[in-house]
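These are the residues of each chain, in order.
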Amino acid sequence: MQVAVIKYNAGNVQSVLYALERLGAEAILTDDLEQISKADKVIFPGQGEASTAMRYLKEKQLDQLIPNLKQPFFGVCLGQQLLCEHSEENDTPCLGVFPVKVKKFVPENPMDFKVPHVGWNNLFDLKTPLLAGLNDESFVYYVHSYYCELSEYTIASTNYVLDFAGLMHRDNFYAMQAHPEKSGLVGERILRNFLSL
């Protein structure tokens, strides 16, 4: 099985490659349209800023390719946000796979909730085979200041300031705000489940 990890100058890609290697997956880091199109699975990870990332995707024509891919596709962290239609981060139009808005956390009392949201938090209201073997006590690791709103595509929620989409699913597209590669056995299980789709 060939797994393409999309390269778009966003951080945190190396740890995803290591996590896939531990699971025995053959992964390549690439921004080549043909390699991505031919891959059995595609992972779209990253940390960074939305408008800069979208600019790179457009330069490489990945903004045209990604929404039309048919194989199982997994967006992680910034990758989840870029699959949505719009981000408040620098007022950025995104890829539009999910008709969902990305908003900034704005706590009523900044003393109660620090932004960014950094650390372990649990998933609840779990649905879909991607989350097989997990339950509402499953904790994953987050680092983010922006969140995807709840929608009909939400397959697991998390609460920080408010409930938001921890994971989403639409057709062949899956997306997760937390970092599976930093989430211990729970994250490993999610990646393994994705590779089995």
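Computed from a predicted structure; not experimentally measured.

Here is what the cut-offs are and how they apply
- Residues numbered from 1 in each chain as written.
- Predicted model: local features only at pLDDT ≥ 70, side-chain atom pairs only at ≥ 80, totals over all residues.
- Heavy atoms only, no water.
- Helix = DSSP H or I, 4+ residues; strand = E, 2+ residues; numbered from the N terminus.
- Rg over C-alpha atoms; globule rule 2.2 N^0.38 Å.
- Buried < 20%, exposed > 50% of the residue type's maximum accessible area, 1.4 Å probe, protein only.
- Contact = heavy atoms within 4.5 Å.
- Lys, Arg positive; Asp, Glu negative; His and termini not counted.
- Charge placed at Lys NZ, Arg CZ, Asp CG, Glu CD.
- Phe/Tyr/Trp six-rings, centres within 6.5 Å; stacked < 30°, edge-to-face > 60°.
- Arc of directions from axis to C-beta.
- Core = buried A, V, L, I, M, F, W, Y, C linked by side-chain atoms within 4.5 Å.
- Pairing = 2+ DSSP bridges.
- Axes fitted to C-alpha atoms, helices over the stretch in contact; angles between N-to-C directions.

Draft legend 1. Region of interest: the overall build of the chain. Scanning the chain from terminus to terminus reveals six helices and 13 strands. The C-alpha radius of gyration computed for the chain amounts to 15 Å, which stays within 12% of the reference 16 Å derived for 197 residues, consistent with globular compactness. Taking all 197 residues of the chain together, the buried fraction comes to 53%. Considering only contacts within the chain whose residues lie at least 6 apart along the sequence, 70% involve residues at least 24 apart. Distance between charge centres in the chain, computed from 17 positive and 24 negative side chains, equals 3 Å.

Draft legend 2. Summary view of the packing of aromatic side chains. Inspection of the entire model under this criterion finds twelve aromatic pairs. Ring plane angle 40° and centroid distance 4.8 Å describe the contact between Tyr8 and Phe44, whose orientation is recorded as tilted. Here Tyr8 is found in the loop between strand E1 (2-6) and helix H1 (13-22), whereas its partner Phe44 is found in strand E3 (residues 41-44), with 36 residues between them in sequence. With respect to burial, Tyr8 and Phe44 carry one shared label: buried. Pairing Phe105 with Tyr160 gives two aromatic rings, centres 5.7 Å apart and planes at 80°, and the pair type is edge-to-face. Here Phe105 is found in the loop between strand E7 (98-104) and strand E8 (117-122), whereas its partner Tyr160 is found in strand E11 (residues 154-160), with 55 residues between them in sequence. One aromatic cluster in this structure is built from Phe105, Phe113, Tyr142, Tyr147, Tyr160 and Phe164.

Draft legend 3. Summary view of H1. Residues of H1 that are buried: Val13, Val16, Leu17, Ala19 and Leu20. Here the buried residues of H1 occupy an arc of 160° about the axis, which is enough to place them on one side. Exposed side chains of H1 directed beyond 90 degrees from the buried face belong to Glu21 and Arg22. Where H1 is buried, its residues contact E1, strand E2 (26-30), E3 and helix H6 (184-196). Once H1 ends, the next one or two residues include Gly24, with phi positive near 80°.

Draft legend 4. Focus on the nonpolar core. Ranked by size, the top nonpolar core spans 35 residues in total, and within it Tyr8, Phe44, Ile66, Leu82, Leu83 and Phe98 carry the most contacts. A total of five residues in this core trace back to one element, the largest contributor, which is helix H3 (residues 50-59). Contacts of Ile66, omitting those with residues within four sequence positions, involve Ile6, Phe44, Leu57, Phe73, Leu83, Leu95 and Phe173. With 34 residues, the next largest nonpolar core counts Val76, Ile155, Phe164 and Ala178 among its residues.

Draft legend 5. Structural view of the sheet that holds strand E4 (residues 73-76). In space, the seven strands of this open sheet follow the order E2-E1-E3-E4-E13-E12-E11, with mixed pairing throughout. Each edge of the open sheet is held by one strand with a lone partner, namely E2 and E11. Across the sheet, the mean angle separating the axes of adjacent strands is 20° when strand polarity is ignored. Alignment of E1 against E3, held across three bridges, turns out to be parallel.

Draft legend 6. How the structure looks around the side chain of Ser157. Structurally, the position occupied by Ser157 is in strand E11. Overall, the relative accessible area of 6% leaves Ser157 in the buried class. Each residue touching Ser157, except ones within four places of it in the same chain, is listed here: Asn122, Leu123, Phe124, Asp125, Leu150, Phe164 and Gly166.

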